[in-house]
Each structure stands twice: as structure tokens, then as C-alpha cells.
Amino acid sequence: AQSVAQPEDQVNVAEGNPLTVKCTYSVSGNPYLFWYVQYPNRGLQFLLKYITGDNLVKGSYGFEAEFNKSQTSFHLKKPSALVSDSALYFCAVRDESSGDKLTFGTGTRLAVRP
Amino acid sequence: EAGVTQFPSHSVIEKGQTVTLRCDPISGHDNLYWYRRVMGKEIKFLLHFVKESKQDESGMPNNRFLAERTGGTYSTLKVQPAELEDSGVYFCASSQVAFSGNTIYFGEGSWLTVV
């Protein structure tokens, strides 16, 4: 069975500082990894994904994520945080054995202070 | 291009009543999914349609939940009768093809409160 762990319920960072939102996963096959963001009272927006190839994936709004197979991690990063980045971030995983289901983590709330 | 649209955006009903949620996928997307997040927990898969057929309904919690996708276009998710533990946000999503690396696009969600 596949699973995703987001060990931090909340991440606090000052505007302009780099941010990292952590995600680790467990799958039986090759992982397909995704990050989604939920702004207050809004739906889930796709940020980026890793399928294969370059371990560093770039996505929307200046976010990027690094796939690390040995550590089974897919941490979300941004070099310089904005107050408008404050939202709930979800990591998700699929593999071939799960059919078409996405398995999500519990979410990490990012708070960027001015 | 319109995204995934869901209706209603918010609903407050009493325990024992019925609620029907509607989802219109992105045009041309054969794959339609329902997910939900209850009690601030993780987002969980409910079911997956390919066109009008149920491909996977392993996540449906019980027989109070009924999903349909007549004609392979929009979908409805009915909860009857609703219980307090059904409160949460119900997300609909769609994708063009069913492939593990394909992106699934989500709607704004239908926020359900059962009182």
C-alpha cells in the first residue's frame, strides 16, 4: 500500500526567506509524485509533479521540488517566500499498482509573515 | 478553458436529509474522480469514472453514498441520509487519460456541513 507523510503540520517563514515543505512517501513501484496547494476557501491547485527524469522539478509560482529516491522524499521548495504563498500544501503519490488513485498526505500549512 | 466546476459550493443540511453534489469535468476529460477531506484529515479517494462507467469505487464509505455519471459528462454524488461524520469538503477532479503520471485537476470543492 502506498502512503505519504508530511511531518510538519505548520511551517512558518519570513517573507523573502527560503521555504521548504517536507514530504516522504512509500510505494511498491515507481512513484509519481505531486504537489497541490489549497488557498483559503478555494480548491486544490496543481503545482508540480515528478514522473521521471531530472530530479529537480520546477512548477508554478516559483516553486520547485526535489525527488530523492534513496531518501524517498519529495520536498517542496521556494528560494524566496511571499506572503501570498500562505496556504495549505498537499503532497500526493501514485504508482502503477494503485490504479489511478492519488494518495495524499495530511497537508502542511505554510504561514509567511511580512 | 473552463476548469472543473462543482455545485453547490457550500451546503448546510440536517442529519437525515439528502444532499446531491454536482461536478462538471474539464471538457474532453473522460476520467472523473471524487475525493473528500473530512474533519481536517487527509484527502481520500472515493471513486473513479471512465466515461459513464465506474472504474474504481473502492473508496466509497458505505451505501449511503451514490455516484452517477450519466452520459459520461457531469457527475452527481448523493448522500442519503446524511450523517454528522459526512461533514467535510468533497472534491471532484478530472483528467484526460488514466495514466499514473497524468495530472489530475481538481475543482473548488463542495463544502458540506451536516448539523
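Residues numbered from 1 in each chain as written. Chains lettered and ligands numbered in written order. Predicted model: local features only at pLDDT ≥ 70, side-chain atom pairs only at ≥ 80, totals over all residues. Heavy atoms only, no water.

### Structural notes on the sheet that holds strand β7 (residues 65–68) of chain B
Sheets are built from strands paired through backbone hydrogen bonds, the pairs being either parallel or antiparallel.
Residues and elements named next belong to chain B.
Next up, step 1: Ordered by their spatial adjacency, 4 strands build an open sheet running β1-β3-β8-β7, and the pairing between neighbours is antiparallel. Sheet topology places β1 (5–7) and β7 at the edges, where each strand pairs with a single neighbour. Neighbour-to-neighbour, the strand axes of the sheet open up by a mean angle of 15°, direction not taken into account.
Next up, step 2: Here 4 bridges tie β7 to strand β8 (residues 75–79), and the two strands are oriented antiparallel to one another. Looking at β8, one finds that Ala 67 is bridged to Leu 77. (Pairing = 2+ DSSP bridges. Helix = DSSP H or I, 4+ residues; strand = E, 2+ residues; numbered from the N terminus. Axes fitted to C-alpha atoms, helices over the stretch in contact; angles between N-to-C directions.)

### Side note on the interface of chain B and chain A
Next up, step 1: Between chain B and chain A, the residue contacts involve 23 residues of the former and 23 residues of the latter.
Next up, step 2: On inspection of chain B and its partner chain A, the count reaches 2 salt bridges.
Next up, step 3: The shortest N-O distance in the salt bridge between Asp56(B) and Lys101(A) comes to 3.7 Å.
Next up, step 4: Counting across the chain B and chain A interface gives 6 residue pairs in polar contact (both at pLDDT 80 or more). (Contact = heavy atoms within 4.5 Å. Salt bridge = Lys/Arg side-chain N within 4 Å of Asp/Glu carboxyl O. Polar contact = N/O pair within 3.5 Å; in protein donor to acceptor, adjacent residues only side chain to side chain.)

### Focus: the packing of aromatic side chains
Next up, step 1: What the rule picks out here adds up to 15 aromatic pairs over all chains.
Next up, step 2: Aromatic pair Tyr50(A) and Phe67(A): ring centres 4.1 Å apart, planes at 20°, arrangement stacked. Of this pair, Tyr50(A) sits in strand β6 (residues 44–50) while Phe67(A) sits in strand β8 (residues 64–68), and the two are 17 residues apart along the sequence.
Next up, step 3: With a relative accessible area of 8%, Tyr50(A) lands in the buried category.
Next up, step 4: When the ring of Phe63(A) is compared with that of Tyr89(A), the centres are 5.5 Å apart and the planes differ by 45°; the resulting orientation is tilted. Of the two residues, Phe63(A) sits in the loop between β7 (56–58) and β8 while Tyr89(A) sits in strand β10 (residues 87–94), which places them 26 residues apart along the sequence.
Next up, step 5: On the basis of relative accessibility, which here comes to 1%, the residue Phe63(A) falls in the buried class.
Next up, step 6: Taken together, Phe34(A), Tyr36(A), Phe46(A), Phe90(A), Phe104(A), Tyr35(B), Phe45(B), Phe91(B), Tyr105(B) and Phe106(B) form an aromatic cluster joined through their ring pairs.
Next up, step 7: A cation over a ring is seen here: Arg22(B) above Tyr74(B), with NZ or CZ 3.8 Å from the ring centre. (Phe/Tyr/Trp six-rings, centres within 6.5 Å; stacked < 30°, edge-to-face > 60°. Buried < 20%, exposed > 50% of the residue type's maximum accessible area, 1.4 Å probe, protein only. Lys NZ or Arg CZ within 6 Å of the ring centre and 35° of its normal.)

### Quick look at the pattern of salt bridges
Next up, step 1: Overall, the coordinates contain 10 salt bridges over all chains when judged by the stated rule.
Next up, step 2: Of the charged contacts, one joins Arg42(A) and Glu108(B) as a salt bridge, the two residues approaching to 2.7 Å between their closest N and O atoms. Taken together, the residues span two chains, with Arg42(A) in the loop between β5 (32–38) and β6 and Glu108(B) in the loop between β10 (105–106) and β11 (110–114).
Next up, step 3: Since its relative accessible area comes to 38%, Arg42(A) is described here as partly exposed.
Next up, step 4: Looking at Glu108(B), the relative accessible area reads 35%, which means it is partly exposed.
Next up, step 5: Lys44(B) is paired through a salt bridge with Glu42(B); the nearest N and O atoms lie 3.9 Å apart.

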